[in-house]
Amino acid sequence: MSQETLRLAVVVGSVREGRFGPVVAEWFAEQARQHGRFTADVVDLADTPLPLELPPVPPAVRPDMERPAPMADLTESLALADAVVVVTPDYNRSFPASLKAAIDWHYTEWQAKPVGFVGYSGGSGGLLAIEQLRQVFGELHAHTVRDYVSFPRYYELFAPDGTLREPEGPAGDAKVMLDSLEWWATTLAEGRRARPFVA
């Protein structure tokens, strides 16, 4: 596994009109590709209907439950990923409802996999959302890596063409997080193959 390319799903957590998430996600996906150990796919939640009403039996009780047909591509992307990076803004000191719905509709897809975060917002740079997401993913037996990338006042940091005005700092932060994700993704994938995870 150590020499194989790792599959990274970069999830755009916001679905509202005018969102900036896709710009941040594409930037990070390119950082992951340049890292050399990942194939990075941007998974945009806006492409998938995400009902807020869950079925009577939650995924944690019945992981094989039937999901709405349009969710199949999202589920497959998460299932195949060796690691996940969530790109999230702060909405009222928390993360978007669309992201919570995507998380809650899945269960085994998160288990024993590393999750990293890229946050953006006006003041905190998404850190308020990230701290809450760490608790949520911990409940799902995912491992959240310590390092993260944060863009406070993102509208001042990115140029109109989607490039960073001063890319060195964020690129360095991304490299640190990707190195950590690489180690955890490799180690956990080897572990899952040797001994399937049982919650």
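Everything below is about the structure printed above this text.
This write-up is about the structure you can find in this document.

Below, the discussion takes up the overall build of the protein chain. Within the protein chain, the secondary structure is distributed over six helices and six strands. When the helices and strands of the protein chain are listed from N to C terminus, the series reads β-α-β-α-β-α-β-α-β-β-α-α. Against the 2.2 N^0.38 benchmark of 16 Å for 199 residues, the protein chain shows a C-alpha radius of gyration of 16 Å, consistent with a compact globule. With the C-alpha coordinates of the protein chain rotated into their principal frame, the extents come out at 45 × 40 × 25 Å. Looking at the 199 residues of the protein chain, the share that counts as buried comes to 48%. Counted over contacts in the protein chain with a minimum sequence separation of 6, partners at least 24 positions apart contribute 82%. Working note: accessible area of the protein chain is about 10,000 Å², and carbon and sulfur atoms make up 51% of it. Here the protein chain carries 18 positive and 27 negative side-chain charges, and the mean point of each set is 4 Å from the other.

Taken N-terminus to C-terminus, the directions of helix α3 (residues 97–104) and helix α4 (residues 127–139) make an angle of 10°; their axes are 11 Å apart at the nearest point. By the angle between their directions, the pair α3 and α4 is classed as roughly parallel. Every residue of α4 that contacts α3 at Leu99, Lys100 and Ile103 is listed here: Leu133, Val136 and Phe137. For the contact of α3 with α4, the class distribution of residues is five nonpolar, no polar and one charged.

Turning next to the pairing of strand β6 (residues 149–152). In β6, alternate side chains face the same way, and those of Val149 and Phe151 are buried while those of Ser150 and Pro152 on the opposite face are not. Bridge count between strand β4 (residues 114–121) and β6: four bridges; the pairing is parallel. Following the sheet pairing, Ser121 is matched in β6 by Pro152.

Below, the discussion takes up the packing of helix α1 (residues 21–35) against helix α6 (residues 168–194). Between α1 and α6, the least distance of the axes is 10 Å, while the angle of their chain directions is 60°. When the interaxial angle is binned, α1 and α6 end up oblique. For the crossing formed where α1 meets α6, the hand is right-handed. Packed against α1, whose contacting residues are Trp27, Phe28, Gln31, Ala32 and His35, the element α6 presents Pro170, Ala171, Ala174, Lys175, Met177, Leu178, Asp179 and Glu182 at the interface.

What follows is about the packing of aromatic side chains. All chains considered together, the criterion is met by 11 aromatic pairs. Seen from their ring centres, Phe117 and Phe137 are 6.1 Å apart, and the 50° between their planes marks the pair as tilted. Here Phe137 lies in helix α4 and Phe117 lies in strand β4, a separation of 20 residues in the sequence. Pairwise contacts between aromatic rings join Phe20, Trp27, Phe28, Tyr120, Phe151, Tyr154, Tyr155 and Phe158 into one cluster.

On to unusual backbone geometry. At Asn92, a residue that is not glycine, the phi angle is positive and equals roughly 50°. Within the fold, Asn92 resides in the loop between β3 (83–89) and α3. Asn92 gets classed as exposed once you look at its relative accessible area, which sits at 78%. Positive phi is not limited to glycine here, since Arg93 has a value of about 70°.

Below, the discussion takes up the environment of Thr5. Inspection of the secondary structure puts Thr5 in the segment before β1 (6–12). The exposure class of Thr5 is partly exposed, given its relative accessible area of 45%. Along the backbone, Thr5 and His141 are 136 residues apart, and their C-alpha atoms lie at a distance of 23 Å. Beyond its immediate sequence surroundings of up to four residues, Thr5 is in contact with Arg37, Phe38, Thr39 and Asp82.

Attention now moves to the environment of Ala81. With respect to the helices and strands, Ala81 occurs in the loop between α2 (72–80) and β3. Apart from residues no more than four positions distant in its own chain, Ala81 is found in contact with Arg7, Ala9 and Lys113.

This paragraph deals with the pattern of salt bridges. Applying the stated rule across the entire model yields eight salt bridges. Notably, a salt bridge pairs Glu131 with Arg134, separated by 3.5 Å at the nearest N-O pair. Residue Glu131 and its partner Arg134 are located together in helix α4, separated by three residues, close to a single helical turn. Judged by its relative accessible area of 46%, Glu131 falls in the partly exposed class.

The rules behind each value
- Residues numbered from 1 in each chain as written.
- Predicted model: local features only at pLDDT ≥ 70, side-chain atom pairs only at ≥ 80, totals over all residues.
- Heavy atoms only, no water.
- Helix = DSSP H or I, 4+ residues; strand = E, 2+ residues; numbered from the N terminus.
- Rg over C-alpha atoms; globule rule 2.2 N^0.38 Å.
- Buried < 20%, exposed > 50% of the residue type's maximum accessible area, 1.4 Å probe, protein only.
- Contact = heavy atoms within 4.5 Å.
- Areas by Shrake-Rupley, 256 points an atom, 1.4 Å probe, with all protein chains shown as cover.
- Lys, Arg positive; Asp, Glu negative; His and termini not counted.
- Charge placed at Lys NZ, Arg CZ, Asp CG, Glu CD.
- Axes fitted to C-alpha atoms, helices over the stretch in contact; angles between N-to-C directions.
- Parallel < 35°, antiparallel > 145°, perpendicular 65-115°, else oblique.
- Nonpolar A, V, L, I, M, F, W, Y, C, P; charged D, E, K, R; others polar.
- Pairing = 2+ DSSP bridges.
- Left-handed = near helix turned anticlockwise from the far one by under 90°.
- Phe/Tyr/Trp six-rings, centres within 6.5 Å; stacked < 30°, edge-to-face > 60°.
- Salt bridge = Lys/Arg side-chain N within 4 Å of Asp/Glu carboxyl O.

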